[in-house]
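Understanding the architecture of this molecule
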Amino acid sequence: ATHHHEWEISYQFKSPDCVRKLAVTINGQSPGPTIRATQGDTIVVRVNNSLLTENVAIHWHGIRQIGTPWADGTEGVTQCPILPGDAFTYTFAVDRPGTYMYHAHYGMQRSAGLYGMIIVAAAPGGPDAEPFAYDGEHAVLLNDWWHDSVYEQAAGLASVPMRWVGEPHSLLLNGRGRFNCSAVAAEGTCNATLPECDAPVFDVVPGKTYRFRIGSLTSLCALNFEIEGHPMTVVEADGHYVKPFVVNNLNIYSGETYSVLIKANQDPSRNYWLASNVVSRKPGTPTGTAILSYAAGGRSPPPTTPPTGPAWNDTMYRFQQSVATVAHPAHVEPPPPRAGRTLLLLNTQNKIDGRVRWALNNVSFKLPHTPYLVALKRGLLGAFDQRPPPETYEHQSYNIYDPPPNPNATSSDGLYRLAFGSVVDVVLQNANMLAANNSETHPWHLHGHDFWVLGYGIGRFDPAVHPASYNLKDPILKNTVAVHPYGWTALRFKADNPGVWAFHCHIEAHFFMGMGIVFEEGLERVAELPGEIMGCGKTKGGRH
Ligand SMILES: O=C1O[C@H]([C@@H](O)CO)C(O)=C1O
């Protein structure tokens, strides 16, 4: 089946956490409408940009875009942005069942409210049929939210000295949160009685089993999600079935999705909290909440205090969940036994011309003005730096526990060109930031592929030692993975999807500050590019 959607992108006054703010909306909504389809369907979304003075581009997060690399929606990589007044049609297949998301991929626009969920049902009776059963289903999309505009945030990040975005004002569940209005200075901008910021309610019937699809598109925060009194069995991660394991609460990083099963087996005379809490950074934001409602409890808030989650700085707790996430025994897709090429990427916070930036092997990423896909197809060699970025760093001598000894870095828009069909390993090594005694969690997201997660460690990655302990038996396939503080994460993928693909930290501020790279593979196999991805108005695609 083909599903057609007509979207109008516009600014609207919204009060997701009871505080009025301009948000980028889809057909007046933030989050936007959930896209629902069945595996094998085609999605057609015509995006009309009514932002008046602002460009837009939309990325379909977790959808591999096989055969449609120009529909990945990554401004500067796969397309020119959609200009105000223009329309752009994204057409792509959803070839795998699972829980996915979409969001703006232009500047820091995702943080302005342009995001939503994609839910793809398994083809009935097919090889990807779900290896678990449930009676009902709910979806929870997690986010963090600031009252400052993304322009204030971006300008702050690019300033000397940098003005960091700081901790979010609110945590949102399905686009709703609740700010304490007494803390808002301006009269009339906070209204706690608006239905728009009422806690979302999820109904359950006693005795039944529910699937919760949970996604996070936070701009900054790693989150811990909990359903008070209801242990969760993890069954899906990023569209892949997981060997089931039970948690009382779930750590989820920006760009990840999970499905969990819960049994509605608690005292049905009351309600229970859904709670999201900041982890990995010292929390400065109240718990985000929603209500699990057994009918007898009506819509009323639970009688308890919302759960506050595990200790925010318990890295090993989160590490253990990462390691526990492996492929379901009946759905193991073994990785190729070895890679033809290995990239060792040191993640550091640096300074360039006084600006705080992030770098990989001391190169900070900047997006080119001409999208790579177009530049490469047309042989426009001057459109970006032709020198490939470095494949490794001084891994034997670099002390990841110290701030960078030489914080200076260079910036580049060069990319890694991969042999089509080759197997590539990437090891992401985390390190200390500019300030002493701190290393953050970075969720890395790869476009156009799922990768096998071969291993995690805390400390210095040693290429002579650690590959021997890789999980080649049942690694999970994912599109987003955490690199823990002072840790490393090893992943493997096949460069078998012709196109140009971004790979970056999914923290909005960090990609903006240069924390990403780009891969090209099989460019000669990319079909003729649709003119729509280039230029604007009547000159789009070089038409005259
Ligand atoms: O890039 C970042 O900058 C701040 C901090 O290092 C400086 O304020 C922070 O927490 C980041 O992740």
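Residues numbered from 1 in each chain as written. Predicted model: local features only at pLDDT ≥ 70, side-chain atom pairs only at ≥ 80, totals over all residues. Heavy atoms only, no water.

Right, let's get into the overall build of the protein chain. Counting its regular elements, the protein chain contains 4 helices and 32 strands. For 544 residues, the compact-globule estimate of 2.2 N^0.38 gives 24 Å, and the protein chain sits close to it at 22 Å. Over its C-alpha atoms, taken along the principal directions, the protein chain stretches across nearly 65 × 55 × 55 Å. For the protein chain, the residues scored as buried account for 59% of the 544 residues in total. Excluding contacts between residues fewer than 6 apart, the proportion of contacts in the protein chain whose partners are at least 24 apart in sequence is 79%. Entry remark: accessible area of the protein chain is about 20,300 Å², with carbon and sulfur atoms responsible for 53%. (Helix = DSSP H or I, 4+ residues; strand = E, 2+ residues; numbered from the N terminus. Rg over C-alpha atoms; globule rule 2.2 N^0.38 Å. Buried < 20%, exposed > 50% of the residue type's maximum accessible area, 1.4 Å probe, protein only. Contact = heavy atoms within 4.5 Å. Areas by Shrake-Rupley, 256 points an atom, 1.4 Å probe, with all protein chains shown as cover.)

Our focus in this paragraph is the site of the ligand. With respect to spatial proximity, the complete set of residues near the ligand consists of Met-162, Trp-164, Arg-281, Gln-349, Trp-358, Met-433, Glu-440, His-510 and Met-513. Contact distances for the ligand include 2.6 Å between an oxygen atom and a side-chain N or O atom of Glu-440. In the environment of the ligand, an oxygen atom lies 2.7 Å from a nitrogen or oxygen atom belonging to the side chain of His-510. Against a free-state accessible area of 310 Å², the protein chains account for coverage of 75% of the ligand. Partitioning the shell around the ligand into residue classes produces 5 nonpolar, 2 polar and 2 charged. (Near = heavy atom within 4 Å. Polar contact = N/O pair within 3.5 Å; in protein donor to acceptor, adjacent residues only side chain to side chain. Nonpolar A, V, L, I, M, F, W, Y, C, P; charged D, E, K, R; others polar.)

A word on helix H1 (residues 150–157). Those residues of H1 that fall on the buried side of the exposure criterion are Val-150, Gln-153, Ala-154, Gly-156 and Leu-157. The buried residues of H1 all sit within an arc of 160° when viewed along its axis, so they share a single face. Looking at the buried side of H1, the elements it contacts are helix H4 (508–512). (Arc of directions from axis to C-beta.)

Before going further, it helps to spend a moment on the packing of aromatic side chains. This model, assessed by the stated rule, comprises 20 aromatic pairs. Measuring from ring centre to ring centre gives 4.9 Å for Phe-461 and Trp-488, while their planes differ by 70°; the resulting arrangement is edge-to-face. Here Phe-461, found in the loop between strand S27 (451–458) and strand S28 (477–478), pairs with Trp-488, found in strand S30 (residues 487–494); they are 27 residues apart in sequence, far enough to count as distant. An aromatic cluster is built from Trp-7, Trp-60, Phe-88, Tyr-90, Phe-92 and Tyr-102, whose rings are joined through pairwise contacts. Lys-21 extends its terminal NZ or CZ atom over the ring of Trp-145, reaching a point 4.2 Å from the ring centre. (Phe/Tyr/Trp six-rings, centres within 6.5 Å; stacked < 30°, edge-to-face > 60°. Lys NZ or Arg CZ within 6 Å of the ring centre and 35° of its normal.)

This part takes up the UniProt feature "domain: Plastocyanin-like" (unreviewed entry) in the protein chain. Cross-referencing UniProt, the feature "domain: Plastocyanin-like" (unreviewed entry) maps to residues 13–122, 138–295 and 398–521 in the present numbering. Measuring from the first to the last C-alpha atom of residues 13–122 gives 37 Å, for a span that is 0% helix and 41% strand. Split by type, residues 398–521 is 4% helix and 43% strand. Its first and last C-alpha atoms lie 31 Å apart. (UniProt positions renumbered as here; feature names shortened; annotations may be inferred.)

This part takes up the sheet that holds strand S3 (residues 35–38). Read from one edge of the open sheet, 4 strands run S3-S8-S7-S5, paired in mixed fashion. Two strands close off the open sheet at either side, each with one partner strand: S3 and strand S5 (58–61). Between one strand and the next, the sheet's axes are offset by a mean angle of 20°, whatever the strand orientation. Strand direction decides the pairing type here: S5 and strand S7 (residues 98–104), joined by 4 bridges, are antiparallel. Across the sheet, the residue bridging to Trp-60 is Tyr-102, located in S7. (Pairing = 2+ DSSP bridges. Axes fitted to C-alpha atoms, helices over the stretch in contact; angles between N-to-C directions.)

What follows is about the nonpolar core. Formed by 117 residues in total, the largest nonpolar core has its most connected members in Trp-60 and Phe-212. It is helix H3 (residues 372–378) that contributes the most residues to this core, 5 residues altogether. Beyond its immediate stretch of four places on either side in the chain, Trp-60 contacts Trp-7, Ile-35, Val-45, Gln-65, Ala-71, Asp-72, Tyr-90, Phe-92, Met-101, Tyr-102 and Ile-118. Among the nonpolar cores identified, the runner-up in size contains 15 residues, and Leu-344, Tyr-393, Trp-452 and Leu-454 belong to it. (Core = buried A, V, L, I, M, F, W, Y, C linked by side-chain atoms within 4.5 Å.)

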